[in-house]
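Chain by chain, the residues:
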Amino acid sequence: MKILVVGGGGREHAIIKKLKENKEITEIFALPGNGGMEQDATCVPIGAKDLDGIVKFAAEQKIDFAVVAPDDPLVLGCVDRLNAIGIPCFGPEAKAAIIEGSKVFSKNLMKKYGIPTAAYETFSEMDAALSYVRTCKAPVVIKADGLALGKGVIIAQTNEEAEDAVRSMMSDKIFGESGSNVVVEEFLEGPEVSVLAFTDGNVVKPMVSSMDHKRAHDNDEGLNTGGMGTVAPNPYYTNEIADACMEQIFLPTVKAMNAEGRTFRGCLYFGLMLTKDGPKVIEYNCRFGDPETQVVLPLLESDLFTVMKATAEGKLAETEVRFAEKHACCVVLASDGYPVKYESGYPITLPEQLAENEEIYIAGAKKKDGVLVNAGGRVLGAVATEDTLQAAIKSAYALADRIHFENAYCRRDIGQRALAAEK
Ligand code: AMP
Ligand code: GLY
């Protein structure tokens, strides 16, 4: 069986390594993949947004099943295009991917169906947005409507900052066209939890919960990034909270999407905040998280391909999705200076041998004259699984310290907040 995976980051590397455990799969193509995953997949230089190129390649290669991992191709309709030529896919159609593609859509969905989220207003006119933020109680959260690589959110500490944020999005277009419409919302407080869930539009099977570390520096200082590390499970996410989320958030969301004629099949990512008034949705993503996937999939005991196929076919109810009762930690090694400015092209040395509980997922790297060099902000994730959180953190850092490139940078406190919460 031939599988195609669209995407080329650490998340895709984790998906590919897990898929490889299925013995029916004979070949995996990564489009475009990256130079660090060549031993696990055949990387083909077709960009994740090049839908024509992807469809042509899939047809030529007679691909049996495709996994579309990143937000852009999902929102652009990659799954629709592949389905149209008879290739089954894991991932939502464009009309369902809008749950991430438009924050205005997702906020209105939550309001209409009573799903708990931060109070908000949406604006397409700058003057109306400016008048509104002058009256809000600070801090105020301002979000660009469209996809902005997870960076389209500004938390303004004062009303003046909020006005500046509105102007920079709607007039200066710092996030491009994704800022033509903005959402202004109430600032929420509480621990954040990421829950990735398989859903086929009928049932929801959540994966083990996780905790991302979005800021660039220790103690959650510095700029927002795509994610500097993760642990799973998230100790704040108790069984009681999980039950409440299923009842108040997960099932209502899936039913709401059905009612709107936008059935969601794939991985639905719930970004949650556990407030004193209960769990609330901060954001939906229409895909696996990065680097959440890098700690969630190593704990998956069920066969990933079987689960993905069942999700696509609407047979998830009959399919077991089981996770190990263990802990995982991912430490991201980035190029120093990320997310602003960094140098690339430095050779990366990796350990020759990995233990069974260790994984290295390569993201921003490429081959240059046969040598793997850093080529992006987040370069790779060092992952370890252990029986306890403390041991997982220790092993992940021990692994990270066996990896070298000249301008490598990592946070040193991944998992510490989770560890404190456990106690
Ligand atoms: P998002 O891209 O929507 O995930 O937002 C990025 C980050 O901004 C989140 O992970 C939160 O830490 C923070 N954030 C977003 N919305 C809110 C909110 N309403 N209140 C407080 N923090 C928020
Ligand atoms: N780690 C956050 C995301 O994938 O959006």
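For the structure, see preceding data.
**Observations regarding empty space enclosed by the protein**
Taken as a whole and judged by the stated rule, the model has two cavities of 30 Å³ or more. Looking at the largest cavity, its volume works out to about 80 Å³. Around the largest cavity sit Ile99, Glu100, Lys103, Ser106, Lys107, Met110, Lys143, Glu185, Ile282, Glu283 and Tyr284, which together line it. For the lining of the largest cavity, the secondary-structure elements that each account for two or more residues are helix 5 (94-101), helix 6 (103-113) and strand 17 (278-285). As a volume, the second largest cavity reaches approximately 40 Å³. Every residue lining the second largest cavity is listed: Val68, Ala69, Leu74, Phe90, Gly91, Pro92, Gly266, Cys267, Cys286, Arg287 and Phe288.

**Quick word on the site of ligand 2**
The environment of ligand 2 is formed by Asp212, Gly226, Tyr269, Asn285, Arg287, Gly289, Asp290, Pro291 and Glu292. A distance of 2.9 Å is found between an oxygen atom of ligand 2 and a side-chain nitrogen or oxygen belonging to Arg287. For ligand 2, a nitrogen atom lies 2.8 Å from a polar atom in the side chain of Glu292. Computed on the free molecule, ligand 2 has an accessible area of 200 Å², of which 90% lies beneath the protein chains in the complex. For the shell around ligand 2, a count of residues per class yields two nonpolar, three polar and four charged.

**Concerning the packing of helix 6 against helix 9 (residues 239-259)**
The N-to-C vectors of helix 6 and helix 9 enclose an angle of 105 degrees; their axes lie 10 Å apart at closest approach. Classified by the interaxial angle, the pair formed by helix 6 and helix 9 is roughly perpendicular. Where helix 6 approaches helix 9, its residues Phe105, Leu109 and Tyr113 are matched on the opposing element by Ala256, Met257 and Ala259. Broken down by class, the residue content of the contact of helix 6 with helix 9 amounts to six nonpolar, no polar and no charged.

Basis of the calculations
Residues numbered from 1 in each chain as written. Chains lettered and ligands numbered in written order. Predicted model: local features only at pLDDT ≥ 70, side-chain atom pairs only at ≥ 80, totals over all residues. Heavy atoms only, no water. 1 Å grid on protein atoms, 1.4 Å probe; cavity = no way out; pocket = protein on both sides within 12 Å on 5 of 7 lines; lining within 4 Å. Points joined across faces, edges and corners; volume = space filled by probe spheres on them. Helix = DSSP H or I, 4+ residues; strand = E, 2+ residues; numbered from the N terminus. Near = heavy atom within 4 Å. Polar contact = N/O pair within 3.5 Å; in protein donor to acceptor, adjacent residues only side chain to side chain. Areas by Shrake-Rupley, 256 points an atom, 1.4 Å probe, with all protein chains shown as cover. Nonpolar A, V, L, I, M, F, W, Y, C, P; charged D, E, K, R; others polar. Axes fitted to C-alpha atoms, helices over the stretch in contact; angles between N-to-C directions. Parallel < 35°, antiparallel > 145°, perpendicular 65-115°, else oblique. Contact = heavy atoms within 4.5 Å.

By themselves, these observations are geometric and do not establish any function.
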